[in-house]
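As a plain string of letters, each chain reads:
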Amino acid sequence: MTSEIEYILSKIETDSPIHAKKLKKNFAFFDEPYYDFTTPFLKKYLALLASENKTLDFAVACYLNMIADMNSETVAFFRTGKYSSTTFSEVNERVYANPEIMEYYMHGLLLSQFLWKHHYDSFRFFYENLPKYVDNTQNYLEIGAGHGLYLNKALSVFDEKTPFTVVDISQTSIDLARKFNTNNKVAFVVKDIFDFGDSDTFDFICMGEVLEHVEEPLKLLQKLRKMLTSGGTLFLTTPTNAPAIDHLYLFNNVQEIRDLITEAGFSIESEMEFPSEQASPEKIEKYKIAVLYGAFLKVK
Amino acid sequence: MKELLAQVNEIFIDVLDNEDIVLSETTSANDVDEWDSLSHIQLIVAIERHFKIRFTSKEIQSWNNIGEMLTSIQDKLNQN
Ligand SMILES: C[S@@+](CC[C@H](N)C(=O)[O-])C[C@H]1O[C@@H](n2cnc3c(N)ncnc32)[C@H](O)[C@@H]1O
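Residues numbered from 1 in each chain as written. Chains lettered and ligands numbered in written order. Predicted model: local features only at pLDDT ≥ 70, side-chain atom pairs only at ≥ 80, totals over all residues. Heavy atoms only, no water.

J.: Talk me through the UniProt feature "domain: Carrier" (unreviewed entry) in chain B; I want residue IDs and the actual numbers.
T.: According to UniProt, the "domain: Carrier" (unreviewed entry) feature falls on residues 1–77 of chain B. Helix makes up 62% of residues 1–77 of chain B and strand 0%, and the two end C-alpha atoms of the span are 12 Å apart. (UniProt positions renumbered as here; feature names shortened; annotations may be inferred. Helix = DSSP H or I, 4+ residues; strand = E, 2+ residues; numbered from the N terminus.)

J.: Kindly report on the domain arrangement of chain A, identifying the contributing residues and their values.
T.: Residue and element names in this part refer to chain A. Its domain assignment divides chain A into domain 1 (3–115) and domain 2 (132–299). Listed per partner, the contact involves 35 residues of domain 1 and 31 residues of domain 2. Interface area lost by domain 1 to domain 2 is led by Tyr83, Phe88 and Tyr96, which between them contribute 24%. At the junction of domain 1 with domain 2, the criterion picks out 2 salt bridges. Here Glu52 and Lys179 are joined by a salt bridge, their closest N and O atoms 2.4 Å apart. The tally of links between domain 1 and domain 2 comes to 11 residue pairs in polar contact (both at pLDDT 80 or more). Those elements that place two or more of their residues in the side of domain 1 that touches domain 2 are helix H3 (32–51), helix H4 (56–80), helix H5 (88–96) and helix H6 (99–115). Broken down by element, the side of domain 1 that touches domain 2 gets its largest block of residues, 10 residues, from H6. Its residues assigned to classes, the side of domain 1 that touches domain 2 shows 20 nonpolar, 8 polar and 7 charged. (Domains from an automatic or database assignment. Contact = heavy atoms within 4.5 Å. Buried area = accessible area lost by both parts, 1.4 Å probe. Salt bridge = Lys/Arg side-chain N within 4 Å of Asp/Glu carboxyl O. Polar contact = N/O pair within 3.5 Å; in protein donor to acceptor, adjacent residues only side chain to side chain. Nonpolar A, V, L, I, M, F, W, Y, C, P; charged D, E, K, R; others polar.)

J.: Describe helix H7 (residues 117–129) of chain A, and please don't skip the residues or the numbers.
T.: For H7 of chain A, spanning 13 residues, the distance from its first C-alpha to its last is 18 Å, which sits close to the expected 18 Å at 1.5 Å a residue. For H7 of chain A, the tally of buried residues reaches 11 of 13 residues, placing the bulk of the element in the interior. (Expected span 1.5 Å × (residues − 1). Buried < 20%, exposed > 50% of the residue type's maximum accessible area, 1.4 Å probe, protein only.)

J.: Can you break down the packing of aromatic side chains residue by residue, with the values?
T.: All names here are of chain A. In this structure the tally under the stated criterion is 38 aromatic pairs over all chains. On the basis of an interplanar angle of 10° and a centroid distance of 6.0 Å, the ring pair of Phe41 and Phe180 is categorised as stacked. Placement of the pair is Phe41 in helix H3 and Phe180 in helix H9 (residues 171–180), with a sequence separation of 139 residues. Phe180 shares its class with Phe41; the two are buried. With 4.9 Å between their ring centres and 50° between their planes, Phe126 and Tyr150 make a pair best called tilted. Taken together, the positions of Phe126 in helix H7 and Tyr150 in helix H8 (residues 149–157) put the pair 24 residues apart, joining distant regions of the chain. Grouping residues by exposure puts Phe126 and Tyr150 together as buried. (Phe/Tyr/Trp six-rings, centres within 6.5 Å; stacked < 30°, edge-to-face > 60°.)

Given below as structure tokens:
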């Protein structure tokens, strides 16, 4: 463990010992590639924080705010079996358009990227497969980049000349992603993806954890299908049973995600499931434990 | 309290899927390996269902051990 990670965990432990307990279990699984990724990443992140006169304490406070939100959403979810938000406009107003909430949310999510095993594993699935797509990609789109970590990785993998576009509905997300990625070949667009013109087509679209944020995920997938060139690739991740302040569409299990993908006209090139807890499939089903699904898709 | 403790113990065994759990009033999350953040919430909701009560978020965050949890449950049952 690096000293920064130890510091982060000890801070979290002071505030929430049972949450720290869960995080510590993850570290038993983290191997060398984990530290190869995390060490330079944290260095970069600390520099970003410092440029705004912030420290790791700010990031940890953000993370704990996010966890507090998730805990109350989880209690409500286990009580009712439903996500608490139902309309996009309500979430847009309360979350995406609210810089205060969105700022702690995105910094919190960024920390989760290396504190949570399933977030780290899904990110690794993405970047280890990405090089396969370099040759066939003339232009790249990311939807809902949030903190901008995936974008950061993609920029380092693809050709200097490949144009990048990033669409996100939240100005706060765009600002953070831009700070994280000072590369000036990226076109940042603040827009609802449903309002983004589909006259432009892309060879590669990356959409991490956005599908569950829309009321009609089938419509979104159908739109993306039109925005892909023939032979193009869509990488997506989306969770089952993951209550959060901005989640609308509940996937009860991974098969529901696959069915939707097929219905929208995609075929699955490769896929992975990342359970949020180390539990048996029976237990995951019984206790509605979140599973993050990730896949590279092709137009059928 | 004895009777309550026995019922809560059963719920812990079921939710945490570990037959060997033996709770006492001083047991805390440190003593039970499977008792972490997510299972804490699962335990709360299972206890709410079993006793037909509803905790506030303050209560949920305030317990340090089983004894405090039992006191909360007893208070709720007395209110009903
Ligand atoms: C949970 S974050 C995902 C961040 C990152 N992609 C990841 O996988 O960790 C979701 C992001 O999608 C954005 N978003 C949600 N709905 C959107 C929509 N309809 N159009 C564009 N962006 C949207 C949010 O503003 C937020 O930045």
